[in-house]
Structures are given as structure tokens and as C-alpha cells.
2 protein chains.
Amino acid sequence: MERIVSRENKKVREWYSLRLKKRRDETGLFLIEGRHLIEEALKAGVVQTILYAEETCPFDFADTVPVSESVMEKLSANPSSASLIAVCRQTEKYPVHAERVLILDGIQDPGNLGTLIRTAVSFSFDAVYCSEACADLYNDKTIRSTQGALFHIPVLRRNLEDTVEALQAEGFFVAATALDSSVPMKEIEACEKMAFILGNEGQGVRRELIEAADRSLRIEMNGFESLNVAVAGGIIMYHYRKQ
Amino acid sequence: MERIVSRENKKVREWYSLRLKKRRDETGLFLIEGRHLIEEALKAGVVQTILYAEETCPFDFADTVPVSESVMEKLSANPSSASLIAVCRQTEKYPVHAERVLILDGIQDPGNLGTLIRTAVSFSFDAVYCSEACADLYNDKTIRSTQGALFHIPVLRRNLEDTVEALQAEGFFVAATALDSSVPMKEIEACEKMAFILGNEGQGVRRELIEAADRSLRIEMNGFESLNVAVAGGIIMYHYRKQ
């Protein structure tokens, strides 16, 4: 294939538009950068096209397009370092035989959202449910923070009230994190099917969801009583990981 | 005091220069923004001057200076939201009777550095030692990520090889986090004096420090084996918190 050198090329403009959430939603496509993420996306079978500004493409893949450094720079969210970009397809995977589920209520920071997904995969969680108010999953910062974990776990955007009800009907014990009227983590024993609700960085879990949950849980602290939500999620997922 | 309205005012230019690490190092001063951080800094007694773009200053403090919105916008790292800025003094506090110590070897991301300090305070750690290669402590992003915890714990920039040796001489058990040749966390029992070394986001803990430590420790994972360093630190600090 011929190398694309013009930043105004029609294809380039289409790919560039994927940096906007609106276009990602319309097309069902998104961009990822760098060798590690592309390797993970290839394993998951979601890559459509690989663009490269190197001599040769390091991946043996059907649809690869050489582009100039100037085109790469236009498309990249981290222009100084990018030499590989892949156009990927958004796919909804569904959990099969889930035992550990993470529920995210309005996580606003893309770094926190991505880190929580990464941690969920490391502790073998089976699915992540996000409210509509969560940061966009296909935003560059979210994807980078997942370190590719995004491709290895079903992440579903859903109405969380319905989700909690459906999980409870399937026999899940649902715990919401909260500081008030909550039980210290060590008092809640692990059981077969568990779901954990984490909330917005400023407001925490919404009242309706706390009420819908089976219990409210808190991480035992001394003094300052302030944890980043991704850190809190890590502590909980480690504690209740499948053995 | 008369309201400062010009962005070119000499004082304004001096405060503005504190957004550069070089000037912060030279003057021993730094800026913080927002009511919550200023409250924490006041408790710690490190505030020199409070600048406000509101009608009245919400703090009863000796040295307050009214400034125009335009001056506030120039000084702020988050111009859309700022209406309060404090000029603070960098102070080195020293740990007294330490039992839990965090050692940070080249943490590059200011968000990770700040989050680790915040978590250390929440789990009653007594001190944080940072290598020279760590992100700047007085950078806006680091301070925001600490949520004010920075003012409640000694954070010392030191040569870590010397620090590990000194801690061991004081009877500390020093554990480095590492994936290879390491022991799962559950096999290392808590003892009276413990220090934990966390490493750079990409490279981990430097070989020299791993060798200097008493043991290498790893967090038990299934599968993906990838944790953000602030999440890993949170899990370890929770696990070994003082009871």
C-alpha cells in the first residue's frame, strides 16, 4: 500500500475524527497507540487497521498502512512518541459464569476508570459495569491507563439500578462502598458471587444504589480517611479476589 | 490591603514564577489552590500569604491579599475554577518513633506520587522517603493528588541506599516489591517496624535496592499481573497497616 503523507488526506481526516467521542460513538471505532496496546488488541481480535510511521510494520497483519511522521503526529494523542496506531472496533463482550463483578457509579477521571479496569483483570474479576456518567471508555487516557486490560474483560455501560437488581436475582451479594453506616471490610466474609459498587470521586456512590445494595462496606483506616477510588477498588478487589 | 489588579504587578510576577520548579527550589515556597488544601495547610502552619479573588477572604489569617480575577487566572494551574491561592513554605518534618515507612524509587507520575502520600497518611504510615528521581513534590498535580495529606506526614527526598541501610540499623524489616524471586505477601508476617519499597512505573525498583532489602514481596494476582504502582502501594499499606 502506498504511504500516506498528507495530513489532509480523506482517510487521515476520518481517523483524526475518532479523537472525538461523538465520532467514536457513531462509527463504533477507536484509536490506540503503541506496540503494547496493539499486541493486546490483536490478541483480542478487535484491530481493523494498523498505521505505522516506521520502516516496516512490526505486526504481521492483513490491513496495514504506512503513513508519514507528520500524519502520525496529527493522529496521535502523544505526538512526541507515537509511531504505531491501530484503528479498533468497539465490541461488547458478555460475562459467562461471573463470580466477581465491579460496578462503577460515575467515575469521572479517565485515569481512575482505566486503572480500575486494569486491576479488575489482574484479580480475575469477570465483568465491569459502568454508569452512563462514567468517563468514556475509548478516550486515550482511559485506554492507556488500562494497559490493554480493556481487551480482556467485558466492560458494559448500563443502568446500574437494573444491574444491581439483576445480579441479586442471580444470587450475587452486592456491597456498596460508603463511609456512613457501613461495616468494616473484615466483617464481610467472601462468598461465591460478589459485586462491589465504587462511586464518583467527589460524591461517592449514589444514595439509591447504596440502598439497593445488600450491605455498605468500608475500608478500615486510621485518621485521614481519604482514599483515591482506584486505590480503594484495588484493596477491595485484592481482598475478595477468587482464590 | 489594596486589591492587586495588574497581571504585571511585581508581586504577581514573583508568585507566578513559583509555578516553575527551579524558582520553588530557590525560594522554598510553593502555591496551592482551593479551600480544602488551604485549610489543611493552615492546620499545618505552613501558609505565608493567602490570595483571594472573592468578595472577602474566607480565612481569618494575618496576611491576605485581594486580587482581581485576571490575576487569579494568571496564577492558577486550573484557571476556570480558582478563587483562592495560598503561598506556602516548604518544610521538612522528621519522623518520630516510626513503625511504618514508605520508600519511593523513581515514581515519575505526579498523580501516583500524590496518591501514594495520601494513602500513606490514611493508613497511619509515619514517613515517606523519595529518591531524587521521583516527581516534584510541590508540583500542582502532586499536591492535588495528596488531597492535603502532604501536610500531615514527613516526606523526605533522600539517597535511598543510605535510607535502607539506616532503617535496617534501626531494626526495620525492609521489603521491596518485585515480580521475580519474590515471596507472596501473605507469607510475610507483619512485624513492629516495616518499610516497603515501590518502584518506577516502567522499570520497578532498582536492582541495587532490591538487593539491599531484606526480602522481595509480590502481591498475589491471577493472570494479567499488572497493577498501577499507587494501587499496589494501597494494597500493601492496607495489609500492613498499624492495628
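Residues numbered from 1 in each chain as written. Chains lettered and ligands numbered in written order. Predicted model: local features only at pLDDT ≥ 70, side-chain atom pairs only at ≥ 80, totals over all residues. Heavy atoms only, no water.

Caption draft 1: Representation of the overall build of chain A in the model. The helix and strand inventory of chain A stands at 9 helices and 11 strands. If one aligns the C-alpha atoms of chain A with their principal axes, the spans along those axes are about 65 × 35 × 30 Å. Out of the 243 residues belonging to chain A, those deemed buried represent 55%. If you take every contact in chain A between residues at least 6 apart in sequence, the share linking residues at least 24 apart comes to 76%. Per element, the accessible surface of chain A, about 11,000 Å² overall, is 46% carbon and sulfur. Computing the positive centroid from 29 side-chain charges and the negative centroid from 36, chain A places the two 3 Å apart. (Helix = DSSP H or I, 4+ residues; strand = E, 2+ residues; numbered from the N terminus. Buried < 20%, exposed > 50% of the residue type's maximum accessible area, 1.4 Å probe, protein only. Contact = heavy atoms within 4.5 Å. Areas by Shrake-Rupley, 256 points an atom, 1.4 Å probe, with all protein chains shown as cover. Lys, Arg positive; Asp, Glu negative; His and termini not counted. Charge placed at Lys NZ, Arg CZ, Asp CG, Glu CD.)

Caption draft 2: How the structure looks around the relation of the copies chain A and chain B. Screw-axis analysis of chain A against chain B gives a translation of 0.0 Å along the axis, an RMSD of 0.0 Å, and a rotation angle of 180 degrees. In the structure described here, the two chain copies are related by an operation that fits a two-fold rotation axis. Most of the interface of chain A is mirrored in chain B, where 100% of its interface residues again form contacts. (Least-squares fit on C-alpha atoms with pLDDT ≥ 70 in both.)

Caption draft 3: Layout of the pairing of strand β8 (residues 173-177) of chain A. Residue and element names in this part refer to chain A. With 4 of its 5 residues buried, β8 lies for the most part within the structure. Where β8 lies against strand β10 (residues 194-199), 4 bridges are found, and the strand directions are parallel. If you follow V174 over to β10, its bridge partner there is A195. Strand direction decides the pairing type here: β8 and strand β11 (residues 215-218), joined by 3 bridges, are parallel. When the bridges of β11 are listed, A175 appears paired with R215. (Pairing = 2+ DSSP bridges.)

Caption draft 4: Quick look at helix α3 (residues 35-44) of chain B. Residue and element names in this part refer to chain B. All of the buried residues along α3 are L37, I38, E40 and A41. Around the axis of α3, the buried residues are gathered within 160 degrees of arc, so they sit on the same side. Those residues of α3 that are buried lie in contact with β1 (29-33), β2 (47-52), β4 (84-89) and α6 (140-146). Just beyond α3, the residue with positive phi is G45, at close to 70 degrees. (Arc of directions from axis to C-beta.)

Caption draft 5: Examining the environment of R206 of chain A more closely. All names here are of chain A. By the element assignment, R206 lies in the loop between β10 and α8 (207-212). C-alpha of R206 to C-alpha of A178: the two residues are 28 residues apart in sequence and 9.7 Å apart in space. Excluding residues that lie within four positions of it along the chain, R206 makes contacts with D105, L160 and E161. At 2.9 Å, the side chain of R206 and the side chain of D105 are in polar contact. A polar atom in the side chain of R206 sits 3.0 Å from the side chain of E161. (Polar contact = N/O pair within 3.5 Å; in protein donor to acceptor, adjacent residues only side chain to side chain.)

Caption draft 6: Representation of the interface of chain A and chain B. With 30 residues of chain A at the interface, the matching set in chain B holds 30 residues. Both sides together, the interface formed by chain A and chain B hides about 2,400 Å², and carbon and sulfur atoms give 56% of it. If you sort the residues of chain A by the area they bury against chain B, N222, F224 and Y238 of chain A come out on top, with a joint share of 27%. For the pair chain A and chain B, the interface holds 13 residue pairs in polar contact (both at pLDDT 80 or more). Among the elements of the structure, α5 (110-122) and α9 (229-239) of chain A are those that each provide at least two residues to the side of chain A that touches chain B. (Buried area = accessible area lost by both parts, 1.4 Å probe.)

Caption draft 7: The arrangement of the packing of aromatic side chains in detail. All names here are of chain A. Evaluated as defined, the whole model comprises 10 aromatic pairs over all chains. Centroid distance F123 to Y238: 5.7 Å. Interplanar angle 65 degrees. Geometry classified as edge-to-face. In this pair, F123 sits in the loop between α5 and β6 (127-130) while Y238 sits in helix α9, placing the two residues 115 residues apart along the sequence. Overall, the relative accessible area of 9% leaves Y238 in the buried class. Site record: aromatic cluster; members linked through ring pairs are F30, Y138 and F151. Sitting above the plane of the Y16 ring, K74 keeps its charged end 5.0 Å from the centroid. (Phe/Tyr/Trp six-rings, centres within 6.5 Å; stacked < 30°, edge-to-face > 60°. Lys NZ or Arg CZ within 6 Å of the ring centre and 35° of its normal.)

Honestly, it's all geometry; don't read function into it.
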